[in-house]
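Report on the structure
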Amino acid sequence: MHIRDMLAEAERTGEPSFSFEYFPPKTAQGVQNLYDRMERMYNYGPKFIDITWGAGGRVAELTCEMVVQAQAYLGLETCMHLTCTDMGVERINDALRKAYKAGCTNILALRGDPPRDKEKWEAAKDGFRYAKDLVAHIRKEYGDHFDIGVAGYPEGCDDNKDEDLLLDHLKEKVDMGAGFIVTQMFYDVDNFLRWVKKVRERGISVPIVPGIMPIATYASFLRRANHMKCKIPEEWMAKLEPVKNDDVAVREIGKTLVADMCRKILDAGIRHLHFYTMNLAQATRMVLEELNWLPSPDRPLKHALPWKQSLGFGRRGEDVRPIFWRNRNKSYVARTQDWDEFPNGRWGDSRSPAFGELDAYGVGLTGSNEQNRERWGEPKCIRDIANLFIRYLRKEIDYLPWSEAPVADEADLIKDELIDLNRRGLITVNSQPAVNGAKSNHPVHGWGPSNGYVYQKAYLEFFVSPELYPEIKRRIESHPDLTYHAVTKSGNLETNAQSDGPNAVTWGVFPGKEIVQPTIVERISFLAWKDEAYHLGMEWARCYDAGSPSRVLLEEMMNTWWLVNIVNNDFHQGNTLFEILKGLEVTDLDKVPETQANGTNGVSNGVKASETSV
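The rules behind these values
Residues numbered from 1 in each chain as written. Predicted model: local features only at pLDDT ≥ 70, side-chain atom pairs only at ≥ 80, totals over all residues. Heavy atoms only, no water. Helix = DSSP H or I, 4+ residues; strand = E, 2+ residues; numbered from the N terminus. Buried < 20%, exposed > 50% of the residue type's maximum accessible area, 1.4 Å probe, protein only. Contact = heavy atoms within 4.5 Å. Areas by Shrake-Rupley, 256 points an atom, 1.4 Å probe, with all protein chains shown as cover. UniProt positions renumbered as here; feature names shortened; annotations may be inferred. Polar contact = N/O pair within 3.5 Å; in protein donor to acceptor, adjacent residues only side chain to side chain. Pairing = 2+ DSSP bridges. Axes fitted to C-alpha atoms, helices over the stretch in contact; angles between N-to-C directions. Phe/Tyr/Trp six-rings, centres within 6.5 Å; stacked < 30°, edge-to-face > 60°. Expected span 1.5 Å × (residues − 1). Disulfide = S-S within 2.5 Å. Core = buried A, V, L, I, M, F, W, Y, C linked by side-chain atoms within 4.5 Å. Parallel < 35°, antiparallel > 145°, perpendicular 65-115°, else oblique. Left-handed = near helix turned anticlockwise from the far one by under 90°. Lys, Arg positive; Asp, Glu negative; His and termini not counted. Salt bridge = Lys/Arg side-chain N within 4 Å of Asp/Glu carboxyl O. Nonpolar A, V, L, I, M, F, W, Y, C, P; charged D, E, K, R; others polar.

In this section: the overall build of the protein chain. Counting its regular elements, the protein chain contains 19 helices and 20 strands. Looking at the protein chain as a whole, 53% of its 614 residues qualify as buried. For the protein chain, restricting intrachain contacts to residue pairs at least 6 apart in sequence, the fraction spanning at least 24 positions comes to 73%. A total accessible area of about 26,800 Å² is found for the protein chain, and carbon and sulfur atoms account for 47% of it.

Structure (structure tokens):
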């Protein structure tokens, strides 16, 4: 979606909106941590994000990679910065091709700052000298595909303080095809509003987006303001100076000062604000809280579907997804990008020769072995693994090998039952409660258009020991409302599903629309997920030394345990899935496997089960 259309919508409805800026970190771990933060900050409700362009080298390439990640895997509408600095025409065209392929439809075209090893800005050989030339080139090559933004300078820029000349340049950039203006950071609202008036007097009518820099610490506040040479109101300094050594007090005062500034801008008729986050969340979140803009039970974040859609090229219309990848959105999008048939915008065709292949996509864990050991400890028995999953369900840890994100809020409805299953050694990796006609604007279960109703079948997926599996299978098959799929790492599949077709486990009923069925259980995709699920378990095992109790335990589990999913097709009932598993418990939960040094490489998987079926 073009940014100018988002801004027009905010103008039409009168509802304020906002966006975030991020920059490429310097380290690989920093990049991964930023992706996690971007995903969490998505839940604040930004209309879009933008990612800055580094001057030359690897940082510039990283911008393109981050745009792909944000668009395709995180489902974030993204604007890519692109500068003339160190960029010949071919490099610019390569960056534009990557943005286009990622599904990006917004570019912020800038002249850019000089690389750190140069004192003065100079055009690259065969490159562009001015941002207006870059705007013209993008328009020539891509027509209206990209909405193009340009920079505005209410207080002048580094090498030019002539306001009239800068306004002349701004007019030229807009005349070349720019669709919106984003300003440099400022704190002097009166001067900004004076500048906006002068912009309009020049005949420039495109939307103006003010750049807002929240206050995280006193030192960073001064450093950035001095670097940008922006004026700080005297009353701000009077309030911040006395508490400059108290970071908590600085943030508390800063949030009020910045929020008041935002209100003054809104009162002047500008409806969208752009926050320079500096890759940090807290200071920005505090300003949004002060403005009462964060989603809440009374004002939930709107989702078109119950899962986050990819905005990658060719995938924006995708409206069906297997539930198995619910907790691994990025993984699903990445590994299905080469499924070469997408009939009617569906999730893919199992007849495709690319379906389920792992060769082109590494599904391994993020982070180093050391980081993962620190995150998940060193489990030595089934109880240790169960306790780790219980901690996840209690939201004491955010990630598991099979989950890229914290446990969903809707799991609170069945948290006690899930904890009980894990405590008995049934290791749950995915679930959802039954939902019978919740309003589509429900703060937890809601999705889709307004004035609709959404439904869910109860679903449960777990790893179970081979001795316990036959009893579970018998109980499921004796219950008329339950269907299941079960598989081993070697590919031994068992199911009572009557066909290979999809079984919808979420659906929505909306005014003037056909019933939407966005989440399914389906045999072929379950087999594709099976490869990934066991691979992740083996990757976790390889975080530990060969022959160690943790590695032996995890490898034995992956090699012998079943992966089972169960659907209760009676969506009125939510507890049946847990009732049929009563009385089942892994024995020897505390048994530590003997290592190879002690003459064996095994672990006991004994079970005990009640004699009476449920």
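After presenting the structure, the write-up continues.
A separate point is the UniProt feature "binding site: S-adenosyl-L-methionine 4" (unreviewed entry) in the protein chain. According to UniProt, the "binding site: S-adenosyl-L-methionine 4" (unreviewed entry) feature falls on A408, E410, T428, S431, Q456, T506 and T519. With respect to the helices and strands, E410 occurs in the loop between α14 (382-393) and α15 (415-423). If near-sequence neighbours (up to four positions away) are discounted, E410 is found in contact with R326, Q432, P433, V444, H445 and Q456. A distance of 2.4 Å separates a polar atom in the side chain of E410 from a polar atom in the side chain of R326.

Once that is clear, we can look at the sheet that holds strand β18 (residues 562-568). Working definition: the strands of a sheet are paired by backbone hydrogen bonds and lie parallel or antiparallel to each other. The 5 strands lie next to each other as β10-β13-β18-β14-β15, forming an open sheet whose pairing is antiparallel. Each of the sheet's edge strands pairs with one partner strand only, and the pair in question is β10 (427-432) and β15 (493-495). Strand-to-strand twist of the sheet, defined as the mean angle between neighbouring strand axes without regard to direction, takes the value 10 degrees. Bridge count for β10 against strand β13 (residues 458-464) is 5 bridges, and the pairing is antiparallel. Along β13, the bridge assignment pairs T428 with F462.

As enumerated under the stated definition, the model contains 25 aromatic pairs in all. Each ring, one from F18 and one from W293, has its centre 5.9 Å from the other, and the planes form 10 degrees; the classification is stacked. Taken together, the positions of F18 in strand β1 (residues 17-22) and W293 in the loop between α11 (282-291) and β9 (321-322) put the pair 275 residues apart, joining distant regions of the chain. With respect to burial, F18 and W293 carry one shared label: buried. Judged by centre distance (6.4 Å) and plane angle (65 degrees), the ring pair of F324 and W325 falls under edge-to-face. By the burial criterion, F324 is buried, and W325 matches it. Linked through ring pairs, F18, F20, Y22, Y44, F275 and W293 together constitute an aromatic cluster.

Moving on, we come to helix α10 (residues 247-267). For α10, which comprises 21 residues, the first-to-last C-alpha distance of 30 Å matches the rise-based estimate of 30 Å (1.5 Å per residue) to within 8%. For α10, the full list of buried residues reads A249, V250, R251, G254, K255, L257, V258, A259, M261, C262, I265 and L266. Each element contacted by the buried residues of α10 is listed here: α7 (189-201), β7 (208-212), α8 (218-228), α9 (234-240), β8 (272-276) and α11. Measuring from the backbone nitrogen of V248 back to the side-chain oxygen at the start of α10 gives 3.2 Å, which picks out D246 as the cap. Downstream of α10 by one or two residues, G269 has phi in the positive range, about 105 degrees.

Our next topic: unusual backbone geometry. Although it is not a glycine, N451 sits at a positive phi angle of roughly 65 degrees. Here N451 is to be found in the loop between β11 (435-439) and β12 (453-456). On the basis of relative accessibility, which here comes to 58%, the residue N451 falls in the exposed class. The residue D588 is not glycine, and still its phi comes out positive at about 55 degrees. Inspection of the secondary structure puts D588 in the loop between β19 (585-586) and β20 (607-608). Looking at D588, the relative accessible area reads 42%, which means it is partly exposed.

Turning to the environment of A131, a few remarks are in order. Along the chain, A131 turns up in helix α5 (residues 131-142). Using a relative accessible area of 8% as the deciding quantity, one classes A131 as buried. On a C-alpha basis, the gap between A131 and H169 in space is 9.0 Å, while along the polypeptide they are 38 residues apart. Among all residues touching A131, those that are not within four sequence positions of it are C84, A109, L110, R111 and K173.

This structure, assessed with the given rule, holds 0 disulfides. We note that C104 lacks a disulfide partner, and the nearest cysteine sulfur, in C79, lies 6.5 Å from it.

Residues M38, M80, L82 and Y187 are the most contacted members of the largest nonpolar core, which totals 95 residues. Ranked by the residues each element gives to this core, the list is headed by α10, at 8 residues. With residues near it in sequence (within four places) discarded, M38 still touches Y22, I49, I51, M66, A70, L74 and L76. Formed by 74 residues, the second largest nonpolar core is a distinct cluster that contains A386, I472, F526 and A541.

Turning our eyes to something else, we now look at the pairing of strand β14 (residues 482-487). Within β14, 6 of the 6 residues are buried, which leaves the element mostly enclosed by the surrounding structure. Burial along β14 is two-sided: the face carrying L482, Y484 and A486 and the face carrying T483, H485 and V487 are both buried. Two elements, β14 and β18, share 6 bridges in a ladder whose sense is antiparallel. If you follow A486 over to β18, its bridge partner there is V564. Here β14 pairs with β15 via 3 bridges, running antiparallel. Looking across to β15, one finds that V487 is bridged to L493. As consecutive antiparallel partners, β14 and β15 are separated by 5 residues, and within that stretch G491 has a phi angle of approximately 105 degrees, a positive value.

The contact between helix α6 (residues 163-175) and α7 brings their axes to 11 Å, and the two run at 55 degrees. The angle between α6 and α7 places the two elements in the oblique class. Relative to α7, α6 is oriented so that their crossing is right-handed. Within the contact between the two elements, α6 uses E163, D164, L167 and L170 and α7 uses R194, W195, K198 and V199.

To continue, consider the side chain of R224. Among the structural elements, R224 can be located in helix α8. Here R224 occupies a buried position and makes no salt bridge, while the nearest side chain of opposite charge, E21, is found at 10 Å.

Our focus in this paragraph is helix α17 (residues 523-541). Taking 1.5 Å per residue, 19 residues should reach 27 Å; α17 reaches 27 Å between its end C-alpha atoms and fits that length. For α17, a buried count of 14 out of 19 residues is recorded, marking the element as mostly surrounded by other parts of the structure. The opening residue of α17 is E522, an N-cap whose side-chain oxygen sits 3.2 Å from the backbone nitrogen of I524.

The subject of this paragraph is the packing of α7 against α10. The packing of two helices is summarised by the inter-axis angle and the distance between the axes. Relative to each other, α7 and α10 sit at 25 degrees, their axes nearing to 10 Å. Classified by the interaxial angle, the pair formed by α7 and α10 is roughly parallel. Here α7 and α10 pass one another in a crossing that is right-handed. Packed against α7, whose contacting residues are V189, D190 and F192, the element α10 presents M261, K264 and I265 at the interface. Here the contact of α7 with α10 is built from residues that sort into 4 nonpolar, no polar and 2 charged.

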